[in-house]
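One-letter residues, chain by chain:
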Amino acid sequence: ALLIFGALLSATEDGVQMQRALFKRWARWILWICRLRVRVHGLDALQTDDPYVFASNHASLLDAPILIAAIPHDLCFLVRYRFIPVLELFLYRTGQIAIRRKNETEASRTLEEAIHALANEPRSLLVFPEGRRSPTGLAAFRDDAAFLAISTRRPLVPVYLKGAAAALPKDSTLIRGGEIDVYF
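Read on for an overview of the structure. (Residues numbered from 1 in each chain as written. Predicted model: local features only at pLDDT ≥ 70, side-chain atom pairs only at ≥ 80, totals over all residues. Heavy atoms only, no water.)

The next subject is the overall build of the chain. Regarding its fold elements, the chain presents seven helices and seven strands. Listing every helix and strand of the chain by position from the N terminus yields α-α-β-β-α-β-α-β-α-β-α-β-α-β. By residue count, 43% of the 184 residues in the chain fall in the buried class. A total accessible area of about 10600 Å² is found for the chain, and carbon and sulfur atoms account for 59% of it. (Helix = DSSP H or I, 4+ residues; strand = E, 2+ residues; numbered from the N terminus. Buried < 20%, exposed > 50% of the residue type's maximum accessible area, 1.4 Å probe, protein only. Areas by Shrake-Rupley, 256 points an atom, 1.4 Å probe, with all protein chains shown as cover.)

Structure (structure tokens):
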């Protein structure tokens, strides 16, 4: 129901603004419920009006709400395409960018579509270059973040999340709470 509600909000410009505010509130609410305190370092070096490509490590299911709450910019995500109709409607209607990785040709085509989508988009893009959560620290990076930053002429900002994996490890459902540091 929440996915459908979020998708329906994007039908008008006022709805899009409300949806973005709700995402921020949702993220902060998740962090509060999970007893997570987020400390942000280095954000003062960024301009709040400029769009960026943020590239973050990915260690926990909590990474998205942590970053939505920590980054003051309007964000869209680069996500892996999964054919789940309600989820696809939500992603499309909320302006997220889904990359199809079935083969190299399809991946290149969807990256080109992402460049065109970002050309008229004032929001910043958040990418997890590892492509999935890494249980052992940092996994090999895909070059999507660098490619999109260069192609859209946006600064690429590395982001490091410290403590998210300890708060909710990859193969666990037990949230441990604690402190998360976000470094820009």
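Below, the discussion takes up the packing of helix H5 (residues 104–119) against helix H6 (residues 144–152). Here H5 crosses H6 at 45°, and the two axes come no closer than 10 Å. On the basis of the axis angle, H5 is oblique to H6. The way H5 lies across H6 gives a crossing that is right-handed. Residues Leu 111, Glu 112, Ala 114, Ile 115 and Leu 118 of H5 form the contact with H6, whose own contacting residues are Asp 144, Phe 147, Leu 148, Ser 151 and Thr 152. (Axes fitted to C-alpha atoms, helices over the stretch in contact; angles between N-to-C directions. Parallel < 35°, antiparallel > 145°, perpendicular 65-115°, else oblique. Left-handed = near helix turned anticlockwise from the far one by under 90°. Contact = heavy atoms within 4.5 Å.)

The periodicity of an α-helix, 3.6 residues per turn, causes residues three or four places apart in sequence to face the same way. Taking 1.5 Å as the rise per residue, H5 with 16 residues should run 22 Å; its terminal C-alpha atoms sit 23 Å apart, in good agreement. Burial in H5 covers these residues: Glu 106, Ala 107, Thr 110, Leu 111, Ala 114, Ile 115 and Leu 118. Of the surrounding elements, those touching the buried residues of H5 are strand S3 (75–80), strand S4 (97–99), strand S5 (124–127) and H6. (Expected span 1.5 Å × (residues − 1).)

Glancing now at the packing of aromatic side chains. Under the definition given, this model contains three aromatic pairs. With centroids separated by 5.7 Å and ring planes inclined at 50°, the aromatic side chains of Tyr 52 and Phe 54 adopt a geometry described as tilted. Neither residue differs from the other here; Tyr 52 and Phe 54 are each classed as buried. Aromatic side chains Tyr 160 and Tyr 183 sit 6.2 Å apart centroid to centroid with 25° between the ring planes, which places their arrangement in the stacked category. Of this pair, Tyr 160 sits in strand S6 (residues 156–162) while Tyr 183 sits in strand S7 (residues 178–183), placing them 23 residues apart in sequence. Taking relative accessible area as the criterion, Tyr 160 reaches 43% and is therefore assigned partly exposed. (Phe/Tyr/Trp six-rings, centres within 6.5 Å; stacked < 30°, edge-to-face > 60°.)

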